[in-house]
Structure formats: C-alpha cells, structure tokens
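# A structural walkthrough
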Amino acid sequence: MIDGHTHLFGIIGDPVEHSLSPAMHNAAFAHLGLNGIYVPMRPTDLADGFRGLRSLGFIGVSVTVPFKVAIMDFLDAIDPVARKIGAVNTLVFARAGATVRCTGHNTDWLGANRALAEAIDPAGRTVLVLGAGGAARAVGFGLIEAGARVLLANRTEAKGRELADQMGCRFIPAAELAQVRADALINTTSVGMAPHADTIPIDPELLPRFRVVMDIVYAPLATRLLREAAARGCRTIDGLTMLQYQGAAQFTLWTGREAPHAVMRQALLDALQGRHS
Ligand code: ATR
C-alpha cells in the first residue's frame, strides 16, 4: 500500500525501462513488509533530476548508464572505492531537518566479489578479467580490494594496457592468453549477449585452465561461455548473481537490513522471463 509514510527509492538511467532493479527491490520490500517503493526514472536533465531526488525525499537511488560518472559532480561525499573505480551506481540520502547529504557508492564491485565468493574466496587468488570498460573497472578494482591478483585482457590492446596500468596489474596480450594460468576467469565484455548468443570471449579450449568461470552477461542466463566452461568441469557463476548481490548491497545501505537474497534472485528470474515472453 502506498500512503503518506511510503519511503521513496528508484533508479535513474537512459534508457531505464528494461531495468530489472524495480522488480528486485520491490520484491524485497514486500517480502520484509517495508513501506517502500522503487521506481524507474529517466531524467531529461541530470542536474534537475538530482535536485528533484534530493528535495522530494528519496532515500536511495540506483544510477545506471549513462549517468554513473556524471552524477559524481553533484555529490556531497563519495565512497573511496567508488572514487577509485570512477563511477557511482548507488546514492544514499541522509536527512537531518532541512539538510540533505548525498553520498555516492559503488556496489558493482561488491556484487562481483560476493558472486565470485560463491565459488572461491578472491583473497590471494589470481583472476583473469576480460574487458576494459566500465564493468571491468568495477570488477578489477573490486578484486584488488579483496586481495586478488588481477590479470587483464582486452580486444583493444591500448585500452586494456591503460586500465591495467591504472589498476597496477598485468596486461595479457591476445598472443599470450594460451600461457595464462589463473584460479578464475571473469567476462566483463558484452560478448555472448543476445542476439549474439553464439559468441564467446575466449577460445573454449583454454577454459580448463580456470577452476571458476563467471560471466556478467545475464541474457541469456546460460551464456555460451558458461555452457562451454561447465562442459569442461569448471564451476560457473551466472550474470544474474552479480546483479543480485550488487542489489543486495544497495538494499542494506538503504535500509540497514540484511537483503532477502533468494527473494531478490527469484524476482530477477521472473522479470527476465517476463521480458522474453
Ligand atoms: P561497459 O561499460 O558496460 O563495460 P564498454 O565500456 O562499452 O561497456 O566496454 C565494453 C568492453 O567489452 C570493452 O572492453 C570492449 O572491448 P574494446 O575495448 O576492444 O572495445 C569489449 N567488447 C565489446 N564487444 C566486443 C567483441 N565483440 N569482442 C571483444 N571484446 C568486446
């Protein structure tokens, strides 16, 4: 029920209508009996939109493409890891009387670490990250934060080397991929995403070198990478797992409550299903 006490949450992005986050967070509110609502919003102007969120009483807001970097200019404080990553995906508004302070966080790296931790503790492990975009930054810096040794590979070598240098990790050129040994492989590129579901970001023959293979692509859920990896005996982690854990971290930042993980995952699965039917 929406009434005068309903707490406001949401997501800003452009486009935003395909976001699975409203389903995930509203299911969590309903499950715990919290009087909150989470809505998708597409601001025509980011500065105006942010002022609106601040003054209208929003408590927590997710930030997605294309606003994750630009939003940082408006914030009162930024979490140190989010600053290193250079992107904010979560806003937390703290209200004291007429004063409102907004802090920016990044839960993508927490989501990636918690997803990987379903199979192995990243601390002290070697992880090969494929890609050098925004997702690779969050995953890579997050792994370093968790004490992992990161190796980075990317189609465009210059971009890969630049990110590897920023993270203080080793760049692996395509010709040397066949010599890499690592505990886990994480794909942060869009390779394998529908409608190109037959594509794979690494030669499948190399997959037995990794005990764990994780994908951030979740449409389809069983990407070709994960299917080929499972067929070769690797432990696999799908892209919805990272999405679920980054959402769970947001939920806890906003409500102070432990997130109902199973409920949130089921809501994501249902929303994904609905999108394809
Ligand atoms: P995001 O911010 O979501 O990570 P991005 O910044 O567009 O997205 O980054 C996409 C990543 O996927 C890049 O590392 C890109 O490689 P390039 O740097 O060579 O462009 C990678 N990528 C996208 N399509 C690819 C493809 N078909 N083959 C290999 N890598 C691809």
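Nothing here was measured: the structure is a model prediction, and the numbers come from that model.

Moving on: the nonpolar core. Core analysis: the largest hydrophobic core is formed by 32 residues, its most contacted members being L116, V127, V129, L143, L152, I186 and M214. Both domains that meet at this core, namely domain 1 (7–106 + 241–276) and domain 2 (109–237), each give it at least three residues. Beyond its immediate sequence surroundings of up to four residues, V129 is in contact with A136, V139, L143, V150, L151, L152, A153, I186 and T188.

Before going further, it helps to examine the packing of helix α4 (residues 108–116) against helix α5 (residues 134–145). Between α4 and α5, whose axes approach to 8 Å, the crossing angle comes to 65 degrees. Between α4 and α5 the crossing geometry is right-handed. For the pair α4 and α5, contact is made by D108, W109, A112, N113 and L116 and by A138, V139, G142, L143 and E145, respectively. Considered class by class, the residues forming the contact of α4 with α5 number six nonpolar, two polar and two charged.

Bringing the side chain of H105 into the picture now. Along the chain, the position of H105 falls in strand β6 (residues 99–105). A relative accessible area of 18% means that H105 is categorised as buried. For H105, the contacting residues outside a window of four places in its chain are D79, A82, V88, N89, T90, V92 and L253.

Now for the packing of α4 against helix α8 (residues 239–255). Between α4 and α8, whose axes approach to 7 Å, the crossing angle comes to 125 degrees. Between α4 and α8, the angle is such that the two are oblique. Of the two possible hands of crossing, α4 and α8 adopt the one that is right-handed. From α4, D108, L110, G111, A112, R114 and A115 reach across to α8, where they touch T241, M242, Y245, Q246 and A249. Class assignment for the residues of the contact of α4 with α8 results in six nonpolar, three polar and two charged.

Attention now goes to the domain arrangement of the chain. Annotation of the chain at the domain level lists domain 1 (7–106 + 241–276) and domain 2 (109–237). Relative placement of domain 1 and domain 2: their C-alpha centres are 26 Å apart. With 15 residues of domain 1 in contact, the opposing surface of domain 2 contributes 18 residues. In total, about 1500 Å² of surface goes out of reach between domain 1 and domain 2, with carbon and sulfur atoms giving 69% of it. In terms of surface lost to domain 2, no three residues of domain 1 exceed I85, M242 and Y245, which account for 39% of the buried area on that side. Across the contact surface, domain 1 and domain 2 share one salt bridge. For K84, the salt bridge is made with E145, and the minimal N-O distance between the two is 3.2 Å. The interface formed by domain 1 and domain 2 includes five residue pairs in polar contact (both at pLDDT 80 or more).

Bringing the pattern of salt bridges into the picture now. This structure, assessed with the given rule, holds 11 salt bridges. Here the residues in one salt-bridge network are E205, R224, E228 and R232, joined through shared partners.

Taken together, six strands build an open sheet; the order of strands is β9-β8-β7-β10-β11-β12 and the sheet is parallel. The open sheet is flanked by β9 (170–171) and β12 (235–237), the only strands paired with a single partner. Direction of pairing for strand β10 (residues 184–187) relative to strand β11 (residues 212–215): parallel, over a ladder of four bridges. Looking at β11, one finds that N187 is bridged to D215.

Looking now at the environment of A82. Looking at where A82 falls in the secondary structure, it is placed in helix α3 (residues 80–85). For A82 and F171, which are 89 residues apart along the polypeptide, the C-alpha to C-alpha distance reads 22 Å. In this view, A82 contacts M72, A87, V88, G104, H105 and N106; residues no more than four positions away in its chain are not counted.

What counts and how
Residues numbered from 1 in each chain as written. Predicted model: local features only at pLDDT ≥ 70, side-chain atom pairs only at ≥ 80, totals over all residues. Heavy atoms only, no water. Core = buried A, V, L, I, M, F, W, Y, C linked by side-chain atoms within 4.5 Å. Buried < 20%, exposed > 50% of the residue type's maximum accessible area, 1.4 Å probe, protein only. Domains from an automatic or database assignment. Contact = heavy atoms within 4.5 Å. Axes fitted to C-alpha atoms, helices over the stretch in contact; angles between N-to-C directions. Helix = DSSP H or I, 4+ residues; strand = E, 2+ residues; numbered from the N terminus. Left-handed = near helix turned anticlockwise from the far one by under 90°. Nonpolar A, V, L, I, M, F, W, Y, C, P; charged D, E, K, R; others polar. Parallel < 35°, antiparallel > 145°, perpendicular 65-115°, else oblique. Buried area = accessible area lost by both parts, 1.4 Å probe. Salt bridge = Lys/Arg side-chain N within 4 Å of Asp/Glu carboxyl O. Polar contact = N/O pair within 3.5 Å; in protein donor to acceptor, adjacent residues only side chain to side chain. Pairing = 2+ DSSP bridges.

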